[in-house]
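One letter stands for each residue in the lines below.
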Amino acid sequence: AGKNKKFAAVLTIVGIIAFAGISRLLVPSRLGEILSSRYGISGTPWDIARTFLENPTIALATILTKAKAVYLARLFLPVGFLVFLAPASFILLAPGLLQNLLARYGPQFSNLYHYDALIIPFLFIGTVAAVRRIGNRPAARFLPPAILALAVISYVVLSPAGPLRLDRAAYADERIPAFRRLITLVPPTVSVAASTNLAPHLTHRDDTYVIGTEPRPADVVLFDGRELFPFENESEFQTY
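Fair warning: this is a prediction, and the values are worked out from it, not measured in the lab.

Parameters and conventions
Residues numbered from 1 in each chain as written. Predicted model: local features only at pLDDT ≥ 70, side-chain atom pairs only at ≥ 80, totals over all residues. Heavy atoms only, no water. Patch = residues over 30% accessible without salt bridge, like charges linked within 9 Å, V, L, I, M, F, W, Y side chains within 5 Å. Areas by Shrake-Rupley, 256 points an atom, 1.4 Å probe, with all protein chains shown as cover. Salt bridge = Lys/Arg side-chain N within 4 Å of Asp/Glu carboxyl O. Helix = DSSP H or I, 4+ residues; strand = E, 2+ residues; numbered from the N terminus. Buried < 20%, exposed > 50% of the residue type's maximum accessible area, 1.4 Å probe, protein only. Pairing = 2+ DSSP bridges. Axes fitted to C-alpha atoms, helices over the stretch in contact; angles between N-to-C directions. Phe/Tyr/Trp six-rings, centres within 6.5 Å; stacked < 30°, edge-to-face > 60°. Lys NZ or Arg CZ within 6 Å of the ring centre and 35° of its normal.

Undergrad: How do you make sense of a nonpolar patch on the surface when you look at a structure like this?
TA: A cluster of nonpolar side chains, contributed by Leu77, Phe81 and Phe84, occupies part of the molecular surface with about 260 Å² of accessible area. Tracing the sequence through the fold places Phe81 in the loop between α5 (66-76) and α6 (90-101). Residue classification places Phe81 among the partly exposed positions, given a relative accessible area of 36%.

Structure representation (structure tokens):
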């Protein structure tokens, strides 16, 4: 929409090439398994896209649920749903929205995790575009304080880091010092399998895996008995 269309074209082409290259190099070998568990369809991303295009009722049945409606309401509420006044912004919003709306994996449409990171920047861009579109109409002067109020209320009521929902006990867990000591005891050259709350502290190593996903038996296993993920239940965890 800007004047520098050559720059926009180059940026788009470079972005597509970078996306294709990075996806090819960095996407893990378990992609098929992840796609199957999260979208209920086996195959490559292209197979999944083709299935949804050929049989859109599958997509509609996945999207038109109470959980997805609540997800969308929480997503758009902090900016007062103004983004709908700037429909062109949905070109930018669509990839992230579809990725989450078509998923059957609860955390992807819970508003609590990193899965919304592909959406939030464009949500604000769309809101800015909507405010500009409203222009100097009488109601425009009320928009900044209204958006600010909605953002603050949404944070207080909905955010897991807000004052109403913050799990303060998690930050005072008496086991944290012990976990830190365990991490420092792991030799630098060994392979490690660790629970999801411990693995991020070991990712500077060559051979670190989330527990249960390692391709071969690890030299060291660090686990938190209260953290079952990615195992389905306690029995599966104990078997591992």
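Right, picking up where we left off after that structure.
Undergrad: Teacher, can you tell me more about the sheet that holds strand β3 (residues 220-222) here?
TA: The strands making up a sheet are joined through hydrogen bonds of the backbone, oriented either antiparallel or parallel. Taken in spatial order, the 3 strands line up as β2-β1-β3 in an open sheet, and their pairing is parallel. For this open sheet the edge positions go to β2 (208-210) and β3, each flanked by a neighbour on one side alone. Neighbouring strand axes in the sheet, compared pairwise and without regard to direction, differ in orientation by 20° on average. Direction of pairing for strand β1 (residues 192-194) relative to β3: parallel, over a ladder of 3 bridges.

Undergrad: How should the environment of Asn136 be read in this particular structure?
TA: Considering the arrangement of structural elements, one finds Asn136 in the loop between α7 (120-134) and α8 (143-158). For Asn136, a relative accessible area of 83% puts it in the exposed group. Residues Asn136 and Tyr155, 19 residues apart in the sequence, show an inter-C-alpha distance of 29 Å.

Undergrad: Can you help me understand the packing of aromatic side chains in this one?
TA: Two aromatic rings are characterised by how far apart their centres lie and by the angle between their planes. Taken as a whole and judged by the stated rule, the model has 8 aromatic pairs. Aromatic side chains Phe76 and Phe90 sit 6.3 Å apart centroid to centroid with 45° between the ring planes, which places their arrangement in the tilted category. A residue pair is termed long-range when its members are at least 10 positions apart, and Phe76 in helix α5 and Phe90 in helix α6 qualify at 14 residues. Taking the centre distance of 5.3 Å and the plane angle of 40° together, the rings of Phe84 and Phe90 count as tilted. Residue Phe90 is classed as partly exposed on the basis of its relative accessible area of 23%. Positioned above the aromatic ring of Tyr105 is the side chain of Arg38, whose terminal nitrogen or guanidinium carbon lies 3.9 Å from the ring centre.

Undergrad: In this structure, what is going on with unusual backbone geometry? I would like to understand it.
TA: Backbone phi values are negative for most residues with the exception of glycine, while trans is the configuration of most peptide bonds. Following Phe229, the chain continues into Pro230 via a peptide bond in cis, with omega recorded as 10°. The topology assignment puts Pro230 in the loop between β3 and α11 (234-239). The phi dihedral of Phe81 falls on the positive side, at around 60°, and the residue is not glycine. The phi angle at Asn111 is positive, at roughly 65°, despite the residue not being glycine. Assignment of secondary structure puts Asn111 in the loop between α6 and α7.

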